[in-house]
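Summary of the model geometry
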Amino acid sequence: MTRRKLLLLAGIGVLLCAYVAQTISAHRSPVKEYVLKDEPDTITIESAANGTVTLTKDGDAWLVDGQPAEENQIYLLTNALKSVKTLGTVSRSGAERDVQRYGLDDMSSITVRASKDGTPLRTLTLGKAAVNADQTYIRVDGGAETLIASGNLRGQFDVTAEDLAAEPETDETAEAE
C-alpha cells in the first residue's frame, strides 16, 4: 500500500471513532427527575418578601402556622416537591455573579425545605423565572449547580401564610352542608 492510501484509511478510522463517540454521547439526556421517596410532614418556605411559612402535617390534615390549611393549595405544593424535573444545567459555578444572575441570592430567592420526623428530605432554592415563564432557575439540596426546572416553581411557592390558610367556616357554610 502506498503512503497516501494508509493516510486515507487512518483518516477514515479517526472519523469513524468520532462518529461513534458522538452517537453514544447524544443518547445521554440532560433531563433529570428528582423524586422524593418519603412523604414530608413539615414544609418550610422562606423568602425575604414573605418571611417564613411553616406547614406541618397533623394526621391527614395540613396546618399553616398552626391553623388549618387550604387542601388544594397544599396538594399543589406537595406534588411540586415530590417530583422536580430539571431540563439541564445552566451553571456549575457557585460564583456570586451566577447567584445574582439567576436570582438565587438571599434577597431574591425562595428556599423550600421538606422534612419528615426532623430529617431533611429536600431543599430547593428557587431563583427567578427563566426565559420561558414555565421554567425556573433552581438549586437542589444545597448544590452549587444552577439547574433549569420545568414548571413555574417560583410562582407556586411565592406564598404567604394567609394565602395557604383555609377559609374559616361560617354559619352559612355549615348550614349548606
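Computed from a predicted structure; not experimentally measured.

**Examining the overall build of the protein chain**
Counting its regular elements, the protein chain contains 6 helices and 10 strands. Taking 177 residues into account, the globule formula puts the C-alpha radius of gyration at 16 Å, and the protein chain, at 24 Å, lies well above it. Dimensions of the protein chain, computed from the C-alpha atoms along their principal axes, are close to 100 × 35 × 30 Å. The 177 residues of the protein chain split such that 33% are buried. Nonlocal contacts in the protein chain, meaning residues at least 24 apart in sequence, comprise 56% of its contacts between residues at least 6 apart.

**Focus on the pattern of salt bridges**
Applying the stated rule across the entire model yields 3 salt bridges. Here R92 ties to E145 by a salt bridge, and the two come within 2.4 Å at their closest N and O atoms. Taken together, the positions of R92 in the loop between β6 (83-91) and α3 (96-101) and E145 in the loop between β9 (135-140) and β10 (146-150) put the pair 53 residues apart, joining distant regions of the chain. A relative accessible area of 61% means that R92 is categorised as exposed.

**Topic: the environment of L55**
The residue L55 is located in strand β3 (residues 51-58) in this model. Relative accessible area serves as the criterion here: at 0%, L55 is assigned to the buried category. Along the backbone, L55 and P30 are 25 residues apart, and their C-alpha atoms lie at a distance of 32 Å. Setting aside anything within four residues of it in sequence, one finds L55 in contact with D41, T42, I43, I45, W62, L63, V64, I74, L77 and L164.

**Regarding helix α2 (residues 71-82)**
Under the 1.5 Å per step criterion, the end-to-end length of α2 is 16 Å for 12 residues, consistent within 8% with the ideal 16 Å. Of the residues making up α2, those classed as buried are I74, L77, T78, A80 and L81. Buried residues of α2 fall within an arc of 160 degrees about the axis and therefore sit on the same side. Looking at α2, the residues exposed on the side facing more than 90 degrees away from the buried face are E71, N72 and Y75.

**Details of a nonpolar patch on the surface**
Residues M1, L6, L9 and I12 make up a contiguous nonpolar surface patch of roughly 460 Å² in combined accessible area. Look at M1 and you get exposed, because its relative accessible area is 74%.

**Examining a negative patch on the surface**
Taken together, the side chains of D65, D158, E162 and D163 make up a negatively charged region of the molecular surface. Residue position: D65 is located in the loop between β4 (61-64) and β5 (67-68). By relative accessible area, D65 is classed as partly exposed at 42%.

**Brief notes about the sheet that holds β6**
In space, the 10 strands of this open sheet follow the order β1-β6-β10-β9-β8-β7-β2-β3-β4-β5, with antiparallel pairing throughout. With one partner strand each, in any of the chains shown, β1 (32-35) and β5 form the two edges of the open sheet. As defined by bridge partners, strand β2 (residues 42-47) adjoins strand β7 (residues 110-116) across 6 bridges and the pair is classed as antiparallel. Bridge pairing links T42 to S115 in β7. Contacts between α2 and the sheet are confined to β1, β2, β3, β4, β6, β7 and β8 (119-129), with β6 contributing the most and set at about 55 degrees to the helix.

**Here's the deal with the packing of aromatic side chains**
Within the structure shown, the criterion is met by 1 aromatic pair. With 4.6 Å between their ring centres and 55 degrees between their planes, Y102 and Y137 make a pair best called tilted. On the criterion of sequence distance, the pair formed by Y102 in the loop between α3 and β7 and Y137 in strand β9 is long-range, its members being 35 residues apart. Considered together, Y102 and Y137 belong to a single accessibility category, that of buried residues.

Each value, and the rule that gives it
Residues numbered from 1 in each chain as written. Predicted model: local features only at pLDDT ≥ 70, side-chain atom pairs only at ≥ 80, totals over all residues. Heavy atoms only, no water. Helix = DSSP H or I, 4+ residues; strand = E, 2+ residues; numbered from the N terminus. Rg over C-alpha atoms; globule rule 2.2 N^0.38 Å. Buried < 20%, exposed > 50% of the residue type's maximum accessible area, 1.4 Å probe, protein only. Contact = heavy atoms within 4.5 Å. Salt bridge = Lys/Arg side-chain N within 4 Å of Asp/Glu carboxyl O. Expected span 1.5 Å × (residues − 1). Arc of directions from axis to C-beta. Patch = residues over 30% accessible without salt bridge, like charges linked within 9 Å, V, L, I, M, F, W, Y side chains within 5 Å. Areas by Shrake-Rupley, 256 points an atom, 1.4 Å probe, with all protein chains shown as cover. Lys, Arg positive; Asp, Glu negative; His and termini not counted. Charge placed at Lys NZ, Arg CZ, Asp CG, Glu CD. Pairing = 2+ DSSP bridges. Axes fitted to C-alpha atoms, helices over the stretch in contact; angles between N-to-C directions. Phe/Tyr/Trp six-rings, centres within 6.5 Å; stacked < 30°, edge-to-face > 60°.

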